[in-house]
Each structure stands twice: as structure tokens, then as C-alpha cells.
Amino acid sequence: MSDSIYKEIVIDIRGQVCPSTLLATMAEMNEHQKELLNGEISLLIISDNRHAIATIPETARNMGYRVEVKQELGFYSIRIGHENGN
Amino acid sequence: MYIAGLLMGIVAGFVMHRSDYCVTGMFRDAILFKNFFMLRSLLLQVTVSMIFFETLRRSHFLPLFPFPLLAPPALSNIVGGMVFGLGMVLAGGCVVGTLYKLGAGSLISATAFLGLILGSALYAELHPWWASLVRQTVLTKEALTLPALLNIDPTLVILTVALPASWLCIRWWQTGRLTINTSVRGYLQPWKAALILAVIGASSYVAIGMPMGITNTYAKFAAIIENAIIPAHVSRNPFFAAQPLDIVHPASGALLHGGAGPALDSIWTIQFPLIAGIILGSFISALLLKEYLWHTRIPGRQLAMAFIGGIILALGSRMTPGCNIWHLMGGLPILALSSLLFVIGLLPGAWLGSKILTRVVMSSSRG
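Residue numbers here run from 1 along each chain, matching the order of that chain's written sequence. The lettering of chains begins at A and the numbering of ligands begins at 1, in the order of writing. Totals for whole chains, interfaces and linings use all residues, but because this is a predicted model, local features are given only for residues with pLDDT of at least 70 and pairs of side-chain atoms are given and counted only at 80 or more. Calculation of side-chain values draws on the structure's entire complement of heavy atoms; hydrogens and water are dropped beforehand.

Here's the deal with helix 10 (residues 215–229) of chain B
All names here are of chain B. In plain terms, the rule: Runs of H or I in DSSP of at least four residues are treated as helices and runs of E of at least two as strands, each being numbered from the N terminus. In this analysis, the expected span of each helix is defined as 1.5 Å times one less than the number of residues it contains. Relative accessibility decides the category of a residue: with a 1.4 Å probe and only protein chains considered, values under 20% of the type maximum give buried, values over 50% give exposed, and everything between is partly exposed. The contact rule is simple, with two residues in contact once any of their heavy atoms fall within 4.5 Å.
For helix 10, built from 15 residues, the straight-helix expectation of 21 Å at 1.5 Å per residue is met to within 8% by its first-to-last C-alpha distance of 22 Å. Turning to helix 10, its buried residues are Thr 215, Asn 216, Thr 217, Tyr 218, Ala 219, Lys 220, Phe 221, Ala 222, Ala 223 and Glu 226. If you follow the buried residues of helix 10, they end up packed against helix 5 (97–103), helix 6 (107–137), helix 11 (231–236), helix 12 (238–241), helix 13 (266–288) and helix 14 (300–319).

Below you can see the structure in the form of C-alpha cells.
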């Protein structure tokens, strides 16, 4: 990935107060809307907040993003990007 | 009684962890994100509890009605509700939410828990002053519930509220607005948690004469700790000396007697197993899901906010008096006036908390 222009922004929210996960995700999505939509970057959100993991994918999908949720050991990761991205 | 409380607590804690049934979050997300998904489940729980309680009352299973420790309506209920609403949002959970999150390994909630105990100790010092304010703002001593105030048959008033509310819940159910699609491990749809908690609430009312409540025991924790250090001060404190619970349960003949002081009385017997159970139930749930992990890399500002939030939350819960679980899942279903006033205060308090919380989180969450 290092030799492409594709970039991933990682935000680790594990252990933080609710609703940090959603607030931080929304802020990143707004800040990088253009790059996210044309597939230049993707977001990787790492969180242990069950409610956030349950609700964020739907919110992001409604905004037109592609969302992938992965179960890790003791936490979850959500990758938010665009159909054109990788 | 000890075992029954512990079992109810374990089930409640387990269920709350599975669906992340956070009452604070329900109000906060509605205010911050206009997201009413979780709040719909709470309304379902209140509606079902309403029908349960009224059915049980009419079948003579609730000889203590309205339940003991329910305060007469006072304007102080609104102020207490506001303080409570502010505190719960800053603490990241209410008095019960803090327990199930603590059980699942949240450092934020463990910090808020310490704040809750300190706040309870602080309230004991302020109690004489606040109690006189409460006495001056009592609206009526004659009626504890809305049906009593209106002097109308409770069943009629309950049905007037519960029927349209039930219709609304059924509509939500039919249009899929009570469920969410998710890949979260072992997720329990919040509407199922709402029904289970309504059953536990009703069981609690039948078994111990009161709906679920735990805040007095936070004060008791504070009293026990203080009593070990400065016993003379505790024995002089009028809040710790008061015995607000003093009644014989007509069905079981059990003498329910106690207060916030350090003694291990009926309040302790009723509430402590519930507290321990909620923490344990959530711990078991998190362990089974392999999600029990303490994450410690947390911004200091958030920990400070949770601690201060816990203190404010404890002050609110004693000022009201009662917590949101007690009022929303116990008082509201019987249309208790003090609970209605509590909710009126809770909303602006939670709004203020949400504004402060957003600032703190935005300045700290992304490092």
C-alpha cells in the first residue's frame, strides 16, 4: 500500500467515553469527505463500543460509503471507504 | 431475598451488556444525533411495565402501592433531575449503566463509580440544607401519582396512556424500527432487553415491594468508608442517621427498615445483591464473548470528566431523590408525580451534558 496514493487513516477509540466513536468517525468523514468519496483514502476505526459498532455502519452506508466490520480479539474494526477505493 | 436480588441483577447486567442498553446513551443520542432508535425501546419498556404493574396491582400482588421511598412531588425533583441528567452524560452512564460498563471492563465507568461514591459522601454534608429546600417546594403531600392527583381510577388513566403508547410500539415493530442489522457478537436486540427488564422490574416489585433501585447503597458505600475513618462524624450526620424505609411487607411479613447509614440493613439486603449482580452479569457476558479487556490508553480529560460526572450524578440522585432506573422503570409506569417532574428536569440536564461532552471528546478523542 505504501507505493500507492491510497492512504488509510486509523482512529483508535478503544476504552473512550461514549459516544467518542461516533463523534470521531463523523468528524473524520466530514473532514475527508472528498478524498473518501473518490477513493483516495479510507478510515479504519478501532473501537470496543458495542453500540457504536451496531449503529455506525448503517449511518455511514446511508451517507454513501462502503463499510466493512471485522471482529478482532476484544474489539472491532470498521473500515469506511468508497466503492471506487480498495 | 439475597439470592433473588443477585439473580435479577445478573440477568439485568447480562442483558444490558448484550444490547448495550444504556439509558444515558438513549437520551444523549436523541439530543446529539437525533437518533431515537434506543429511546424507542425504553418507551416500549415503560409501556409494558405500566401494563404489568397495573395488572399486578389489580390482582393484589402489589400490596405496597405506591411503593415505599417514593417521594411526594416537589419542584426540587426537577432540579435534581437536571443535575442527574448533566452528571449521567458526563459520566458516560447512569448509576446502573456505570455498573454494567464497569463489569465489562470500562476504566471510564470505574472512574465514574469512584466519583459516585465521593458525590454520595458530599451529599450527606449538604443534606440538611437541601432537605429544607425540598420541604419548601413540595407541591402536594396528598397525591403521589397522577391518578391520585386527578382522583380518577388508576386503570382508566393508565389505559389512556398505555393504549396509544402500545399502538406506537406495535407500529414501530411492524416497520422494523425496533431492530437493527449488525454483526456485533452476541448482540441482543434492545426491544428484547426492554421486555426482559420489564419482567425483572415487575418481579422486583412483587418480591421486595419495590421496583429496582440502587442509589441508596452508593450512599451506604460512602457511609461505610467514612465510618471506618471518622466514625464520630458519621454518627452525627443526620442523612446517615435517617431511616426513610420503615414498613412491613404485607405479603411476606418482612420488616423493611433502613437508610443510607453504614448499617447493613434492609436497604443493603435489597440493593447490594442487585449491584453485585449487574456487575457480575455484565462481566460474564463480556467474558463469554471474549470482549473482557481493560483498555487503559484513555485521554486524561475524559477520565477527569467521568470522575466529575460521577460526583454530579450522585448529587443529582440524592437531590431528586432516586435514579433514572427507579424513576423511568418504576415511577413512570405508575405515573408517579415525582418521576414525571424528574423527567422534565432530566432532558435539559442531558442536553447541557451533551454539549459539554462533545467539546471534551472532540478535543481529546483523536489524540
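There's plenty left to go through after this.
What about the packing of aromatic side chains?
Residue and element names in this part refer to chain B. Our working rule: Aromatic rings from Phe, Tyr and Trp, taking only the six-membered ring of Trp, are treated as a pair when their centres fall within 6.5 Å; an angle between ring planes under 30 degrees marks them as stacked, one over 60 as edge-to-face, and anything in between as tilted. Lysine NZ or arginine CZ positioned within 6 Å of the ring centre and within 35 degrees of the ring normal marks a charge as sitting over the ring.
Summed over the entire model, instances satisfying the criterion amount to 16 aromatic pairs over all chains. Where Phe 221 meets Trp 268, the ring centres are 6.0 Å apart and the plane angle is 90 degrees; that geometry is what we call edge-to-face. Placement of Phe 221 in helix 10 and of Trp 268 in helix 13 is noted, with a sequence separation of 47 residues between them. Classification of Phe 221 as buried rests on a relative accessible area of 15%. Linked through ring pairs, Phe 113, Tyr 218, Phe 221, Trp 268 and Phe 272 together constitute an aromatic cluster. Here the guanidinium or amino end of Arg 40 rests over the ring plane of Trp 172, the centre of that ring lying 5.8 Å away. Across the ring face of Phe 65, the terminal group of Arg 57 is positioned such that the distance to the ring centre comes to 5.4 Å.

Some remarks on the pairing of strand 2 (residues 41–47) of chain A
All names here are of chain A. Convention followed: One requirement defines pairing of two strands: DSSP has to find at least two bridges between them.
The buried fraction of strand 2 amounts to seven of the seven residues, a majority that puts the element mostly inside the structure. Burial along strand 2 is two-sided: Ile 41, Leu 43, Ile 45 and Ser 47 facing one way and Ser 42, Leu 44 and Ile 46 facing the other are all buried. Relative to strand 4 (residues 76–81), strand 2 runs antiparallel, the two being bridged by five bridges. Its bridge partner lying in strand 4, Leu 43 is registered against Ile 80.

Considerations on the side chain of Asn77(B)
Residue and element names in this part refer to chain B. Keep this limit in mind: Polar contact is defined as a pair of N or O atoms within 3.5 Å, subject to the rule that within protein one atom must be able to donate a hydrogen and the other to accept it, and that residues adjacent in sequence are counted only when both atoms are side-chain atoms.
Here Asn 77 is to be found in helix 4 (residues 75–91). Only 2.8 Å separates the side chain of Asn 77 from the backbone nitrogen of Ala 74, close enough to count as a polar contact. In this structure Asn 77 touches Pro 72, Thr 320, Pro 321, Ser 338, Leu 341 and Phe 342, once residues within four positions along its chain are discounted.

Quick look at helix 8 (residues 154–174) of chain B
Residue and element names in this part refer to chain B. Helix length check: helix 8 (21 residues) gives 30 Å between terminal C-alpha atoms against 30 Å at 1.5 Å per residue, within 8%. All of the buried residues in helix 8 are Thr 155, Val 157, Ile 158, Ala 162, Ala 165, Ser 166, Cys 169 and Trp 172. Buried positions along helix 8 lie against helix 3 (37–58) and helix 7 (146–150). Immediately beyond the C-terminal end of helix 8, within one or two residues, lies Gly 176, with a positive phi of roughly 70 degrees.

Notes on the sheet that holds strand 2 of chain A
Residue and element names in this part refer to chain A. Note the cut-off: Angular values range over 0 to 180 degrees, each being the angle between N-to-C directions of two axes fitted as lines to C-alpha atoms, with helices fitted over their stretch in contact.
Sheet architecture is open: four strands sit in the order 1-2-4-3, paired in mixed fashion. Each edge of the sheet is formed by a strand with only one pairing partner; in this case those strands are strand 1 (7–12) and strand 3 (66–71). Here the average twist between neighbouring strands, direction ignored, is 20 degrees. Contacting strand 1, strand 2 and strand 4, helix 1 (residues 20–31) crosses the sheet at an angle of about 175 degrees to strand 2. The strands touched by helix 3 (residues 50–62) within the sheet are strand 2, strand 3 and strand 4, with strand 4 carrying the most contacts at an inclination of about 10 degrees.

Brief notes about unusual backbone geometry
Residue and element names in this part refer to chain B. In this structure, the amide linkage connecting Phe 65 to the following residue, Pro 66, adopts the cis form with an omega of -15 degrees. Residue position: Pro 66 is located in the loop between helix 3 and helix 4. Note the cis peptide between Thr 320 and Pro 321, where omega equals -15 degrees. Tracing the sequence through the fold places Pro 321 in the loop between helix 14 and helix 15 (324–331). You will see that Asp 20, though not glycine, has its phi angle at about 45 degrees, which is positive. Positionally, Asp 20 belongs in the loop between helix 1 (2–19) and helix 2 (23–33).

Quick look at the side chain of Ser364(B)
Residues and elements named next belong to chain B. Within the secondary structure, Ser 364 sits in the segment after helix 16 (337–362). Judged by relative accessible area, which is 7%, Ser 364 ranks as buried. Residues in contact with Ser 364, not counting those within four places in the same chain, are Pro 299 and Gln 302.

Focus on the nonpolar core
Keep this limit in mind: Nonpolar cores are built from buried Ala, Val, Leu, Ile, Met, Phe, Trp, Tyr and Cys residues. Side-chain atoms within 4.5 Å join them into one set.
Core analysis: the biggest nonpolar cluster contains 125 residues, and Ile80(A), Tyr21(B) and Met88(B) have the highest contact counts within it. Sort the elements by how many residues they give to this core and helix 6 of chain B lands first, with ten residues. Residue contacts for Met88(B): discarding those within four places in its chain leaves Thr24(B), Phe27(B), Gly93(B), Cys94(B), Leu313(B), Asn324(B), Leu346(B) and Ala350(B). Of all hydrophobic cores here, the second largest spans five residues; its members include Met50(B), Ile158(B), Ala162(B) and Leu335(B).

Re the interface of chain A and chain B
In plain terms, the rule: Defined in terms of a 1.4 Å probe, buried area is the accessible area two parts forfeit on being brought together, summed over both. The salt bridge definition used is simple: a Lys or Arg side-chain nitrogen within 4 Å of an Asp or Glu carboxyl oxygen.
Across the contact, 31 residues belong to chain A and 35 residues belong to chain B. Summed over both partners, the interface of chain A with chain B buries about 2,800 Å², with 58% contributed by carbon and sulfur atoms. Three residues, Val17(A), Arg50(A) and His51(A), lead the burial of chain A against chain B; their summed loss comes to 26% of the area buried on that side. Across the contact surface, chain A and chain B share two salt bridges. Residue Glu291(B) is joined to Arg50(A) by a salt bridge in which the shortest nitrogen-to-oxygen separation is 3.1 Å.

Side note on the confidence of the model for chain B
Defined as follows: Scored from 0 to 100, pLDDT reflects the predictor's confidence in each residue.
Per-chain confidence: chain B averages 95 in pLDDT, with 99% of residues scoring 70 or above. Listed scores for the predicted complex are pTM 0.95 and ipTM 0.90.

Focus: the packing of helix 4 of chain B against helix 14 of chain B
All names here are of chain B. Short version of the rule: Geometric relationships in this document are graded by angle, where less than 35 degrees denotes roughly parallel, more than 145 denotes roughly antiparallel, 65 to 115 denotes roughly perpendicular, and other angles denote oblique. Each crossing is labelled by how the near helix is turned from the far one, with a counterclockwise turn of less than a right angle marking it left-handed and a clockwise turn marking it right-handed. Under the convention adopted here, Pro, Cys and the residues Ala, Val, Leu, Ile, Met, Phe, Trp and Tyr are nonpolar, Asp, Glu, Lys and Arg are charged, and Gly plus all remaining residues are polar.
In the contact formed by helix 4 and helix 14, the axes pass within 7 Å of each other and the chain directions differ by 160 degrees. Considering their axes alone, helix 4 and helix 14 lie roughly antiparallel with respect to each other. Two packed elements cross with a definite hand, and for helix 4 against helix 14 that hand is left-handed. Counted together, Ser 76, Val 79, Gly 80, Val 83, Phe 84, Leu 86, Gly 87, Met 88, Leu 90 and Ala 91 of helix 4 and Met 305, Ala 306, Gly 309, Gly 310, Ile 312, Leu 313, Leu 315, Gly 316, Ser 317 and Met 319 of helix 14 form the full contact between these two elements. Class assignment of the residues belonging to the contact of helix 4 with helix 14 gives a composition of 13 nonpolar, seven polar and no charged.

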